[in-house]
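Topology and contacts: notes
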Amino acid sequence: MRALNADAYLLREMVRRQAVLALIFGLAFGLYGVTSFEVIQSFKPELTLWDNLWPRLLLNSLPYFLLAWISHRRIISDRATARLGMLAFPGIFMVACMIHVWPLMSHGHSGIYGFVHGPNVFIIVITLLILSPPASYLLQLIIGFTLCFALPVVGILINSGNIVLLQLFANDMIVMMPVTFFLARKIHRTQRRLVLAEHDLKQRVTPFLGQYVASALYENRYDLLRDRKTQGLILSLDIRGFSRLMRDLGPVELNEFLRLYYGLIGRIVHAHGGHVHKSMGDGHLISFGVMDLPDLSDIPDLAEAVVQAEQRRKNDLHAHALKAFFEIEKEFIALLQQFPRLVPAGLGLGGGMAFGDVHLAIYGDEAHKREFEISGETVVLSSRLEQYTKVLRAENPDWQHGIFSVVVTCELPPRVHQESGSRSWQSFKTLTTPIPDFPQVKSICYANFVTEPERAPMLSRTG
């Protein structure tokens, strides 16, 4: 898979270079219709500028422009586009030679060869080196230039009886073709090694940077790291009773527990389209929809459609976050059972969810450590709601007898509430204890789950 990805990437890059090269050749051959006029007219006095120009534009520039367009737009697969280029470059070049030059050579004006030999060799070398395609494509290109250019020139020079020019041409081609082939292969292999090395490096740093930041850095998508404000759902997650858990487990078992716990958090959040921003001890800061939100603000006449789309998106993000929390809670319970020294009663998860504006920015010193992080009132509210689960736990003594978990939100879309199924949601219209720093929050919704330790599911230990 790693090699296939590298080969596909290199083929796509070659197609891009093919588009640029075809565009340059299209312009150059059109200009050549003007610059070559005096030289060709010295061998063909009756030639006019228009007679020299229009065949170049029609038979050279136009086909090259068409190839550039096909390669740039990628209207067919990269493989088919590359094969087309391997045929088109030698074919169009052969047509260019047949415009005045080869007919004049065939009629005894072999001296024109001295004016075109250097540019012809240069065009072939540049084509092979700039494209530097994979081996099979390179061989096809070499064979194409041999059949479409080298053999016809040899035949014309043999018929003309000019042995000196024939030997010069043969010697140049014998030296030029293998050397250029070797250099093109070296360039391709070097490019492939660089792509594989960069891919491996990205794979190693992605678990530390996250998929979003790693892609932005290694794919040169720096626009993804610009400061911006967006809307999304923030989930703050923490383990209730973690201090006792630390005392019950020794350092070795605690390290193993955290390794498995961090693993299930990352796996489940990623599966539901979320992003883990911060992990500290037993706490995690998670976002849904923040890292991939499209900007629709500049699209005219779509205000109502955008509002409807945002509402659907809001519902979906709440659903994804809740499903992720429920799955994390289920696997967390199973994880507790893997450590016999733990007394599970009284342990659990606390989660706080908030939806709203989130600010994304790069923080830190440019010469030292920098981080792409989220901030804003929504992030703080999520943290305060997560901490409020401690208040709910204190107000419900029954939660002390089993493995409990609770997720709190100050806003739960009706559709998500209805689709929660067996999850029982409670609503506080008036809070007896206010949310710290958020006196404007007068009501919350929460879902709590208490599981008796002996009824908790057992999962095989992995890792």
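The model shown is predicted, which means the values in this text are computed figures rather than measured ones. (Residues numbered from 1 in each chain as written. Predicted model: local features only at pLDDT ≥ 70, side-chain atom pairs only at ≥ 80, totals over all residues. Heavy atoms only, no water.)

Description of the overall build of the protein chain
- Of the regular secondary structure elements, the protein chain holds 14 helices and eight strands.
- Per-residue burial for the protein chain yields a buried fraction of 46% across its 463 residues.
- Pairs at least 24 apart in sequence give 74% of the contacts found in the protein chain among residues at least 6 apart.
- When the accessible area of the protein chain is evaluated, it comes to approximately 23,900 Å², of which 62% is carbon and sulfur surface. (Helix = DSSP H or I, 4+ residues; strand = E, 2+ residues; numbered from the N terminus. Buried < 20%, exposed > 50% of the residue type's maximum accessible area, 1.4 Å probe, protein only. Contact = heavy atoms within 4.5 Å. Areas by Shrake-Rupley, 256 points an atom, 1.4 Å probe, with all protein chains shown as cover.)

A word on the packing of helix α4 (residues 78-98) against helix α7 (residues 135-160)
- It is the contact of α4 with α7, at a shortest axis distance of 9 Å, that shows an interaxial angle of 20 degrees. Here α7 runs roughly parallel to α4, going by the angle between their axes. In this structure, α4 crosses over α7, and the sense of that crossing is right-handed. Facing α4, whose interface residues are R79, A82, R83, M86, L87, F89, P90, G91, F93, M94 and C97, α7 presents S136, Y137, Q140, L141, G144, F145, C148 and F149.
- Among the residues making up the contact of α4 with α7, the classes are represented as 13 nonpolar, four polar and two charged. (Axes fitted to C-alpha atoms, helices over the stretch in contact; angles between N-to-C directions. Parallel < 35°, antiparallel > 145°, perpendicular 65-115°, else oblique. Left-handed = near helix turned anticlockwise from the far one by under 90°. Nonpolar A, V, L, I, M, F, W, Y, C, P; charged D, E, K, R; others polar.)

Thoughts on the pairing of strand β2 (residues 274-280)
- Of the pairings in the sheet, the one linking β2 to strand β3 (residues 283-288) comprises six bridges and is antiparallel in character. Looking across to β3, one finds that S279 is bridged to H284.
- In textbook terms, the turn of a hairpin is the stretch between consecutive antiparallel strands, and for β2 and β3 this stretch comprises two residues, one of which, G281, has a positive phi near 65 degrees. (Pairing = 2+ DSSP bridges.)

A word on the confidence of the model for the protein chain
- A residue-level look at the protein chain finds 90% of positions with pLDDT of 70 or above and a mean pLDDT of 85.
- Contacts of residues 293-300 to residues separated by more than four positions or lying in other chains number six contacts, the stretch itself having pLDDT below 50.
- Note on residues 455-463: pLDDT is under 50 here. Beyond four places in sequence and across chains, it has 20 contacts. (pLDDT = per-residue confidence, 0-100.)

Looking at the pattern of salt bridges
- Taken as a whole and assessed by the stated rule, the structure comprises 14 salt bridges.
- Note that D238 and R240 form a salt bridge whose closest N and O atoms lie 2.8 Å from each other.
- Between K278 and E371 there is a salt bridge, and its shortest N-O distance comes to 2.8 Å. Of this pair, K278 sits in strand β2 while E371 sits in strand β5 (residues 370-375), and the two are 93 residues apart along the sequence.
- A residue is classified by how much of its surface remains accessible, and K278, at 35% relative accessible area, is partly exposed.
- What you see here is one network of salt bridges that share partners, running through K278, K369, E371 and E373. (Salt bridge = Lys/Arg side-chain N within 4 Å of Asp/Glu carboxyl O.)

Looking at the packing of aromatic side chains
- Per the counting criterion, the structure on display carries 16 aromatic pairs.
- Aromatic pair F25 and Y64: ring centres 5.5 Å apart, planes at 70 degrees, arrangement edge-to-face. Of the two residues, F25 sits in helix α1 (residues 2-35) while Y64 sits in helix α3 (residues 49-73), which places them 39 residues apart along the sequence. When sorted by exposure, F25 lands in the same class as Y64, which is buried.
- Centroid distance F93 to F149: 5.2 Å. Interplanar angle 45 degrees. Geometry classified as tilted. With F93 in helix α4 and F149 in helix α7, this pair connects stretches of sequence that are 56 residues apart. Residues F93 and F149 agree in their burial class; the two are buried.
- Aromatic rings pair up to connect F93, W102, Y113, F145, F149 and F169 into one cluster. (Phe/Tyr/Trp six-rings, centres within 6.5 Å; stacked < 30°, edge-to-face > 60°.)

Notes on the nonpolar core
- If you look at the biggest cluster of nonpolar residues, it comprises 52 residues, and the most contacted ones within it are F89, F93 and F149.
- Secondary structure elements with two or more residues in this core: α1, α2 (37-43), α3, α4, α5 (101-106), α6 (113-131), α7 and α8 (163-209).
- The element contributing the most residues to this core is α7, with ten residues.
- Dropping the residues within four chain positions of it, F93 is found in contact with F29, Y64, A88, N120, I123, I124, F145 and F149.
- Judged by nonpolar contacts, the second largest core, of 41 residues, contains L245, M353, V407 and F449. (Core = buried A, V, L, I, M, F, W, Y, C linked by side-chain atoms within 4.5 Å.)

Quick word on the environment of Y388
- Tracing the backbone through its elements, the reader meets Y388 in helix α13 (residues 377-395).
- C-alpha of Y388 to C-alpha of P436: the two residues are 48 residues apart in sequence and 8.7 Å apart in space.
- Leave out the neighbours within four places in its chain, and Y388 touches L431, T433, P434, I435 and I444.

Some details on the environment of F37
- Note that F37 resides in helix α2.
- The spatial distance from the C-alpha of F37 to the C-alpha of D51 is 9.3 Å, given a sequence separation of 14 residues.

A look at the pairing of strand β1 (residues 228-240)
- β1 sits mainly inside the fold: eleven of its 13 residues count as buried.
- Here 13 bridges tie β1 to strand β4 (residues 348-364), and the two strands are oriented antiparallel to one another. Among the inter-strand pairings, K229 is bridged to a residue of β4, identified as H359.
- Bridge count for β1 against β3 is five bridges, and the pairing is antiparallel. Note on β3: the bridge partner recorded for L233 is F288.

Looking at unusual backbone geometry
- Its identity is not glycine, yet H100 carries a phi of approximately 75 degrees, on the positive side.
- Relative to the helices and strands, H100 resides in the loop between α4 and α5.
- Residues other than glycine seldom take positive phi values, yet S132 does so here, at roughly 40 degrees.
- Within the secondary structure, S132 sits in the loop between α6 and α7.
- Note on S132: relative accessible area 1%, which makes it buried.

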